[in-house]
Amino acid sequence: NSTLKTAFEDKFAIGTAMNAWQISGRDSAATKIIKDQFSAIVAENCMKSGRLQPEEGEFTFDLADQFVEFGEQNDMLINGHTLIWHSQAPRWFFTDAEGQDVSREVLIERMKTHIHTVVGRYKGRVDTWDVVNEAILDDGSYRESKFYQIIGEDFIKLAFQFTHEADPDAELYYNDYSMAEPGKREGVVRMVKKLQAEGVKIDGIGMQGHIGLHHPEIREFEKSLEAFADLGVEVMVTELDLTVLPSPWDDQGAEVSKNFDYEDKMNPFPNGLPDEVRDAFDARYLEFFALFLKHQDKISRVTLWGVADQHSWRNGWPIRGRTDYPLLFDRENKAKPIVEKLIK
Ligand code: XIL
């Protein structure tokens, strides 16, 4: 085995997110890595609703088209991310000419048009869709998004139905973060069971993998993986990246954020990682991949949220302007030692 994709070939697809530079061919070093190492791709931003339909009825498909063509030319599994999400959605979607919230009927109609147009365009070409993203909070309750406030929880069911209408063969997923949280786990299980009871087609659950060195507890992540697989759907690990920087939420949860010293935690390793942090990074990735391999019968795809550290959104989240090291390739686009360890 000399690449990630051959190493995991019989186990699960191994994917990466692609940014605009990579999709449009302006980052040839990353493009080469993507072709050599990965068997699946997802668009980091260009398929979000604000990008695809910035104004009502005005769709901009250029980048998304190139993204899908790239996947086809390289014989990759193509994942569409994401149709219905409260974030990176255009404001017009929820408001009328006076800036007031639209009615339930209008919002449903807009969801339908958006989904039918986007999914219809890539019918038979995009293999899987993240139909709904991040609709449930860590305590298992529904997020008070505009979709939820205006339509009610049925927006989820409707989104899945519209997607299925537009491409009956596409696989349909629910995707979310903090999936190791017991409350979130229960909320997602409850929601999926309800969809299943209503006869709605849902094929899988994507567990975003924005992890830290200490958070989440791997056993809790595993419990969620098992609980989701027990629903009879596929599980995917999506958006995997491992921050080595201290987070206001690490270990102790949101409560400590008030006492978090942002100044002090700004850029602890601007010149690269000390050995002990690098070792912890490798150990943490190995621990998670060992878990994925243990459950390879349940997992269809593991996707990294980007190729190389310099482009990772983690440099700007949850604190802007930091230097982070979350991915498998370094700022010179070289494979980190962890790649060798993973493919062995
Ligand atoms: C992030 C992108 O990586 C950034 O470039 C963008 O500025 C914000 O969104 N959960 C998701 C992803 O589902 O779409 C987000 O991607 C990260 C969190």
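Quick caveat, the model's predicted, so the values are computed rather than measured.

Definitions and limits used
- Residues numbered from 1 in each chain as written.
- Predicted model: local features only at pLDDT ≥ 70, side-chain atom pairs only at ≥ 80, totals over all residues.
- Helix = DSSP H or I, 4+ residues; strand = E, 2+ residues; numbered from the N terminus.
- Rg over C-alpha atoms; globule rule 2.2 N^0.38 Å.
- Buried ≥ 20, exposed ≤ 12 C-beta atoms within 10 Å, placed from the backbone.
- Contact = placed C-beta atoms within 7 Å.
- Near = placed C-beta within 6 Å.
- Nonpolar A, V, L, I, M, F, W, Y, C, P; charged D, E, K, R; others polar.
- UniProt positions renumbered as here; feature names shortened; annotations may be inferred.
- Pairing = 2+ DSSP bridges.
- Axes fitted to C-alpha atoms, helices over the stretch in contact; angles between N-to-C directions.
- Left-handed = near helix turned anticlockwise from the far one by under 90°.
- Right-handed = clockwise from strand over helix to strand, strands pointing away.
- Expected span 1.5 Å × (residues − 1).
- Core = buried A, V, L, I, M, F, W, Y, C linked by C-beta atoms within 7 Å.

Colleague: Kindly report on the overall build of the chain, identifying the contributing residues and their values.
Modeller: On a plain count of helices and strands, the chain comes out with 12 helices and eight strands. Relative to a compact globule of 344 residues, whose C-alpha radius of gyration would be 20 Å, the chain shows 20 Å and is just as compact. In terms of overall dimensions, the chain has C-alpha extents of about 55 × 50 × 40 Å along its principal axes. Considering the chain as a whole, with its 344 residues, one finds that 42% of them fall into the buried category. Taking contacts inside the chain between residues at least 6 apart in sequence as the whole, the part at least 24 apart equals 77%.

Colleague: Describe in detail the site of the ligand, supporting the description with residues and values.
Modeller: As a matter of local geometry, the ligand sits amid Glu44, Asn45, Asn133, Gln208, Glu239 and Trp313. Looking at the shell around the ligand residue by residue, the classes come out as one nonpolar, three polar and two charged.

Colleague: Outline the UniProt feature "active site" (unreviewed entry) in the chain, supporting the account with residue identities and numerical values.
Modeller: Feature annotation in UniProt assigns "active site" (unreviewed entry) to the following positions: Glu239. Topologically, glutamate 239 is positioned in strand β7 (residues 234–243). In this structure glutamate 239 comes out as buried when scored by C-beta crowding, with 23 C-beta atoms within 10 Å.

Colleague: With reference to specific residues and values, describe the sheet that holds strand β6 (residues 204–212).
Modeller: Sheet strands line up and pair through hydrogen bonds in the backbone, either parallel or antiparallel. Pairing in this closed barrel of eight strands is parallel, and the strands run β1-β2-β3-β4-β5-β6-β7-β8 around the ring. Taking the axes of each pair of neighbouring strands and ignoring which way they run, one obtains an average angle of 30 degrees across the sheet. By the bridge criterion, four bridges tie strand β5 (residues 171–176) to β6 in an arrangement that is parallel. Among the inter-strand pairings, aspartate 176 is bridged to a residue of β6, identified as methionine 207. Along the sheet face, helix α8 (residues 154–166) touches β3 (77–84), β4 (128–133) and β5 and points at about 160 degrees away from the line of β4.

Colleague: Describe in detail the packing of helix α6 (residues 104–121) against α8, supporting the description with residues and values.
Modeller: When two helices pack together, their arrangement is captured by the angle between the axes and the distance separating the axes. Relative orientation of the contacting elements α6 and α8 amounts to 35 degrees, with a least axis distance of 9 Å. For the element pair α6 and α8, the recorded crossing hand is right-handed. Two secondary-structure elements touch here, α6 through Ile108, Met111, Lys112, Ile115, His116, Val119 and Gly120 and α8 through Phe155, Leu158, Ala159, Phe162, Thr163 and Ala166.

Colleague: Mind laying out the pairing of β6, listing which residues take part and the relevant values?
Modeller: In terms of residue burial, β6 counts as a mostly covered element, since eight of its nine residues are buried. Taken together, β5, helix α9 (residues 182–197) and β6 constitute a β-α-β crossover, and its handedness is right-handed. As for the winding sense of the linkage, the β-α-β connection from β6 through helix α10 (residues 218–229) to β7 is right-handed.

Colleague: Describe α8, with residues and values.
Modeller: The terminal C-alpha atoms of α8 lie 18 Å apart, and with 13 residues this matches the ideal 18 Å at 1.5 Å per residue to within 8%. Among the 13 residues of α8, 10 are classified as buried, and the element is accordingly described as predominantly covered. Burial in α8 covers these residues: Phe155, Ile156, Leu158, Ala159, Phe160, Gln161, Phe162, Thr163, His164 and Ala166. Considering only its buried residues, α8 is in contact with β3, α6, β4, α7 (146–151), β5 and α9.

Colleague: Lay out the pairing of β5 in plain terms, naming residues and giving numbers.
Modeller: For β5, the buried fraction is high: six of the six residues fall into the buried class. Here β5 shows two buried faces, one formed by Glu171, Tyr173 and Asn175 and the other by Leu172, Tyr174 and Asp176. Pairing between β4 and β5: five bridges, direction parallel. Across the sheet, the residue bridging to asparagine 133 is asparagine 175, located in β5.

Colleague: Describe unusual backbone geometry, and please don't skip the residues or the numbers.
Modeller: Cis rather than trans, the peptide bond between histidine 81 and threonine 82 has omega equal to 0 degrees. Looking at where threonine 82 falls in the secondary structure, it is placed in strand β3. Even without being glycine, serine 178 reaches a positive phi, approximately 50 degrees. Relative to the elements of secondary structure, serine 178 occurs in the loop between β5 and α9. Here glutamate 239, not a glycine, exhibits a phi torsion of approximately 55 degrees, which is positive.

Colleague: I'd like a rundown of the environment of alanine 20, residues and numbers included.
Modeller: Counting through the fold element by element, alanine 20 comes out in helix α2 (residues 20–23). Sequence separation between alanine 20 and glutamine 66 is 46 residues; the distance between their C-alpha atoms is 9.7 Å. Ignoring sequence-local partners within four residues, the contact set of alanine 20 consists of Asn45, Cys46 and Leu63.

Colleague: Help me get a handle on the nonpolar core, residues and values and all.
Modeller: Within the largest apolar cluster, 89 residues are counted, with the highest numbers of intra-cluster contacts made by Ile41, Ile84, Val131, Ala159 and Ile205. If we skip the residues at most four places from it in the chain, isoleucine 41 touches Gly15, Thr16, Met18, Ile34, Phe70, Gly71, Met76, Ile78 and Asn79.

Colleague: Outline the environment of threonine 323, listing residues and values.
Modeller: Here threonine 323 shows up in the loop between β8 (299–304) and α12 (337–343). C-alpha separation for the pair threonine 323 and isoleucine 218, spaced 105 residues apart in sequence, amounts to 25 Å. When near neighbours in sequence (up to four residues on either side) are disregarded, threonine 323 contacts Asn267, Phe269, Pro270 and Asn315.

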